[in-house]
Amino acid sequence: MTRADLLSLTADALAALANRGLVKRAAKELDAGAGPVLEVDGDTVAGRFADGVVATLPPGAGLERAGCTCGATGVCRHRVAVVLAYQREHEGAAEFAPWSPGDITDDRLRELLGERVLAAARRLRGSGVPVRLRRPTEADPVATAELPSCTVRFLVPGELGYTHTDAAAAARDQWAVLAVWAFREADERGLVDDVVRLDVGGPETETGGPGLGPVPELVAALLRDGAATAGPVFEAALERARADLAAARLHWPALAVGELADQLRAYRGRSAHHDPARVADLITELHARDRATGPRSQVLGAEEPAETPLRRVRLTSLGCRVRATAEDRTAEVFFADGGTVLVLRHRWPAGEDGRPTGHDLAARRVRGTSLADLAASNVVSESASRSAGRLVRISGRASSTSITPLGGAWEALPDELVVHDYAAAGREWDELPPRVVRPRVAAELVRVVRIAGVGRIAYHPGAQRLDAVVLDASGATAAVSATHRAHCPAALDALARALPVATHVSGEVRRSRGGLVVDPIAVLTPDGLVVPDLATGTTAMAPGDAPAPDPLTSVVDGALSLCAEAAHRGLRHLPPPLLGRARSAADDLRRLGLTTAGDLVAAFADEPTPDTWHRAHLRLVVTAERR
C-alpha cells in the first residue's frame with residue numbers, strides 16, 4: 001500500500017515544512033546517488049543513509065513529529081530525502097481529488113493535539129474570528145485559511161500532521177484547530193466557492209449598536225465645537241476612550257480614535273502631519289462603525305490579537321513607497337506573506353533642505369541591509385511579528401533573518417494577490433463594503449497586476465502625472481497612474497523607462513470612472529525589479545497632452561473640502577459665506593446627477609448639525625470612492 005500523504009507533498013509543500021535550501025540539498029544528494037535506502041514496514045517508511053542515520057516516517061505524524069537519529073530538533077534533510085526518494089520510487093505525486101479540512105473530526109484533533117489545545121481553540125472561537133478560506137483546486141491543491149494572526153495551510157488532504165502555519169509554536173496548534181472548524185462551518189453552511197469569507201463563532205454574528213462607549217458623543221462634541229478648539233482635555237478624553245476600546249479588543253475604532261487624537265495634537269503643535277480632510281474622514285469612520293451592521297470582526301476588528309509573533313516566515317517584497325511631510329520621511333516596504341500583504345515601516349527625520357529624498361533613503365540601513373535591497377528581496381525571518389493592522393515588525397538578532405534577491409518569486413505569488421483578469425478584479429472591487437467600515441489594515445488593496453501588453457504612455461505636465469494603459473491577456477485595459485512628488489524626483493522617469501518592458505506592476509488598485517487604476521509601487525521587468533520611489537536623478541519628462549478636467553471629481557472634492565472645513569471650524573461657528581458655498585455645491589452635485597448627495601449637502605447647509613453633517617459627508621466619501 002502506497003503512502004498517499006508522502007506522494008501528495010509538492011516541492012513547495014516540503015519547502016514550507018522545512019526550507020528550500022534543505023529541499024535542494026536533499027534533491028542533489030539523490031541525484032548524486034547518495035540518497036537513503038528505503039525500508040517499508042506496513043505503512044511506515046524509513047530511510048537508511050550511508051553514514052548510519054535512519055529517518056522514520058510513520059503514518060499520520062507528519063515530518064516534524066517523525067523520527068530521525070541525526071538529532072535535529074526540526075525537519076531535517078534526512079526526512080526530506082526520504083520523502084523525495086519515496087516519490088521517485090513511486091513515480092510522482094498523487095492525483096488530485098476535492099476535499100475539505102472540515103472533514104477532520106474533533107476526535108482526530110484531540111488524538112493528535114490534545115484536549116488542552118481544543119479548549120484554547122474554543123476560547124478563540126467564542127470571541128469570534130474572521131476567516132478567509134481558499135479551497136483546494138487542481139491548480140493549487142493546498143487548502144488555506146487566512147486568520148487575523150496567521151495563515152494555516154493544509155498541505156496534504158486529510159492529514160493534520162502536514163499542516164503549516166506561520167504562527168509561533170506556542171499558538172500554532174490552536175489556530176490549526178480553528179482553521180479546521182472554519183472549513184467545517186463553511187461546509188455546513190453550503191459555502192462552496194473557491195474563496196469564502198466568514199466569521200467563525202463569536203457571541204453574535206452581526207453588530208447592532210456595538211457600543212463604542214463615549215466615542216459617539218465625543219465625536220458629536222468635536223463637530224459642534226470644531227477641531228480647531230480641541231485642547232489637551234479633549235485629547236485626554238480621546239486617549240481614555242482609545243484605551244477602553246483597545247482593552248475590549250475593538251481594534252479598528254481604537255486605531256481610529258488614536259489617529260484622531262494624533263491629528264488634534266498635530267494641529268495644536270502646528271505639525272505638517274495635521275490634515276483637516278483626514279480629521280473629517282476619521283469622524284465619519286467612527287460614526288459609521290458605531291452604526292454599521294455586519295460581522296463584528298469586519299466592522300470593529302473584534303477580538304483580533306494586537307500583535308502575533310510568527311515562526312519562520314518567508315516574505316516576498318512587493319516594492320517600497322516613500323511618504324513625506326515637512327518633518328520626516330516614512331518608507332513603507334510591502335511584503336507578500338502567502339495571500340496577505342504586510343507592511344514594514346521605518347521613519348527618518350527630514351532636513352530643512354528637503355532631504356532625504358527617496359534615492360537618499362535607498363542606501364539607508366534597515367534590519368542590517370539597505371532599503372533598496374530590502375524593497376527587492378525575499379526575507380526569511382524567525383523573529384517577526386505582525387499586528388492586527390497587518391504591520392510587520394522584525395526584531396532580534398540579524399542572524400535570525402536572511403535576505404536574498406527577489407528572483408522569480410513574483411511568479412509564485414498566490415492567485416489572490418495577482419490580478420490576471422482586469423474585468424473580474426473590477427467586479428470584485430465593486431462588491432467591497434465602503435472603506436469606512438472595512439477592516440482597518442495596511443495595504444488592503446495592494447496587488448500585483450500581470451501585464452500582457454502596454455499601450456499609450458503619456459505625461460501631463462499640468463498635473464505632473466504619468467498615465468499608461470496596460471492590457472491583460474484578454475485585451476481588457478487598466479490604467480497605471482502616478483503623480484510627481486518632490487521627495488521622489490526621479491520616480492516618473494524610472495516608471496516611464498520600466499513600463500514598456502514590464503511584465504508585472506505592484507500597487508494599490510482602485511476603481512475610477514468604471515475602470516481599474518493602479519498607483520504603482522514597483523515594476524517587474526526582464527532585468528529585475530524597479531522601485532520608482534528609490535530611483536536616482538530628477539524628472540525630465542517630455543510634455544504631453546494636458547488632461548481634460550473631470551467636473552464630477554472637482555465638484556465632489558470641493559464638497560468634501562467644505563465638510564472638512566466645517567468640522568475644523570465647528571458647526572456652532574460656521575460663517576454664512578461657508579453655508580452659501582455649501583448650497584452652491586449642492587446645486588452643482590444635483591446638476592451632475594448626484595441628486596442624493598446634493599440633497600444631503602443642502603440639508604446640512606440649511607441645518608448644520610452633527611447628524612446632517614454625518615449624512616452629507618458619508619455620502620460624499622462613498623461617492624468619491626466609487627466614482
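Refer to the structure presented above.
In this report, we go over the structure that sits alongside the text. All figures in this text were calculated on a predicted structure; none of them were measured in a lab.

1. What about the environment of Pro414?
- Positionally, Pro414 belongs in the loop between β19 (401–405) and β20 (418–419).
- Note: C-alpha distance between Pro414 and Val470 (56 residues apart in sequence) is 21 Å.
- Apart from the residues lying within four places of it in its own chain, the contact partners of Pro414 are Gly338 and Gly339.

2. Considerations on the pairing of strand β13 (residues 340–349)
- Sheet topology note: the strand β12 (residues 328–337)/β13 ladder contains 10 bridges and is antiparallel. Note that in β13 the partner of Glu332 across the bridge is Arg345.
- Between β12 and β13, which pair antiparallel and follow one another directly, the connecting turn spans 2 residues, one of which, Gly338, has a positive phi of 65 degrees.

3. Observations regarding the packing of aromatic side chains
- Summed over the entire model, instances satisfying the criterion amount to 1 aromatic pair.
- Between Phe154 and Phe183, the ring centres sit 6.0 Å apart and the planes meet at 80 degrees, which makes this aromatic pair edge-to-face. Here Phe154 is found in strand β7 (residues 151–154), whereas its partner Phe183 is found in helix α7 (residues 169–188), with 29 residues between them in sequence.

4. Things to note about the sheet that holds strand β3 (residues 54–57)
- Ordered in space as β1-β2-β3-β4, the 4 strands form an open sheet in which the pairing is antiparallel. The sheet is open, and its two edges are formed by β1 (37–41) and β4 (67–68), each paired on a single side.
- Strands β1, β2 (44–48), β3 and β4 of the sheet are contacted by helix α4 (residues 77–89), whose axis makes an angle of about 65 degrees with β3.

5. What to know about the packing of helix α8 (residues 215–225) against helix α11 (residues 276–291)
- For the pair α8 and α11, the least separation of the axes is 10 Å and the interaxial angle reads 145 degrees. With respect to the hand of their crossing, α8 and α11 are arranged in left-handed fashion. The segment α8 lies against α11, with Val215, Pro216, Val219, Leu222 and Leu223 engaging Ile283, Leu286 and Asp290.
- Here the contact of α8 with α11 is built from residues that sort into 7 nonpolar, no polar and 1 charged.

6. Here we look at the nonpolar core
- Ranked by size, the top nonpolar core spans 58 residues in total, and within it Val215, Leu222, Leu238, Ile283, Leu589, Trp613 and Leu620 carry the most contacts.
- The leading source of residues in this core is helix α17 (residues 551–569), at 9 residues.
- Ignoring anything within four residues of it in the chain, the contact list for Leu238 reads Leu218, Val257, Leu260, Ala261 and Leu264.
- Counting residues in each nonpolar core, the second largest holds 43 residues, with Leu310, Leu318, Ala491 and Leu524 among its members.

7. Points about helix α18 (residues 576–591)
- Between its first and last C-alpha, α18 extends 23 Å over 16 residues, near the 22 Å set by a 1.5 Å rise per residue.
- When we look at burial in α18, the residues that qualify are Leu578, Leu579, Ala582, Ala585, Ala586 and Leu589. Down the axis of α18, the sector holding all buried residues measures 110 degrees, keeping them to one side. Away from its buried face, by an angle of more than 90 degrees, α18 presents the exposed residues Pro576, Pro577 and Arg591.

8. Considerations on the pairing of β1
- Pairing geometry for β1 and β2, over 5 bridges, is antiparallel. By the bridge assignment for β2, Leu38 is matched with Gly47.
- Two successive antiparallel strands, β1 and β2, enclose a turn made up of 2 residues, where Gly42 displays a positive phi of approximately 65 degrees.

9. Structural notes on helix α9 (residues 232–247)
- Taking 1.5 Å per residue, 16 residues should reach 22 Å; α9 reaches 22 Å between its end C-alpha atoms and fits that length.
- Turning to α9, its buried residues are Phe234, Glu235, Ala237, Leu238, Ala241 and Leu245. One side of α9 carries all its buried residues, which in axial view fall inside an arc of 155 degrees. Facing away from the buried side of α9 by more than 90 degrees, the exposed set consists of Pro232, Val233, Arg240, Asp244 and Ala247.
- Where α9 is buried, its residues contact α8 and α10 (251–268).

About the thresholds
- Residues numbered from 1 in each chain as written.
- Predicted model: local features only at pLDDT ≥ 70, side-chain atom pairs only at ≥ 80, totals over all residues.
- Heavy atoms only, no water.
- Helix = DSSP H or I, 4+ residues; strand = E, 2+ residues; numbered from the N terminus.
- Contact = heavy atoms within 4.5 Å.
- Pairing = 2+ DSSP bridges.
- Phe/Tyr/Trp six-rings, centres within 6.5 Å; stacked < 30°, edge-to-face > 60°.
- Axes fitted to C-alpha atoms, helices over the stretch in contact; angles between N-to-C directions.
- Left-handed = near helix turned anticlockwise from the far one by under 90°.
- Nonpolar A, V, L, I, M, F, W, Y, C, P; charged D, E, K, R; others polar.
- Core = buried A, V, L, I, M, F, W, Y, C linked by side-chain atoms within 4.5 Å.
- Buried < 20%, exposed > 50% of the residue type's maximum accessible area, 1.4 Å probe, protein only.
- Expected span 1.5 Å × (residues − 1).
- Arc of directions from axis to C-beta.

What is shown is where atoms sit, not what they do.
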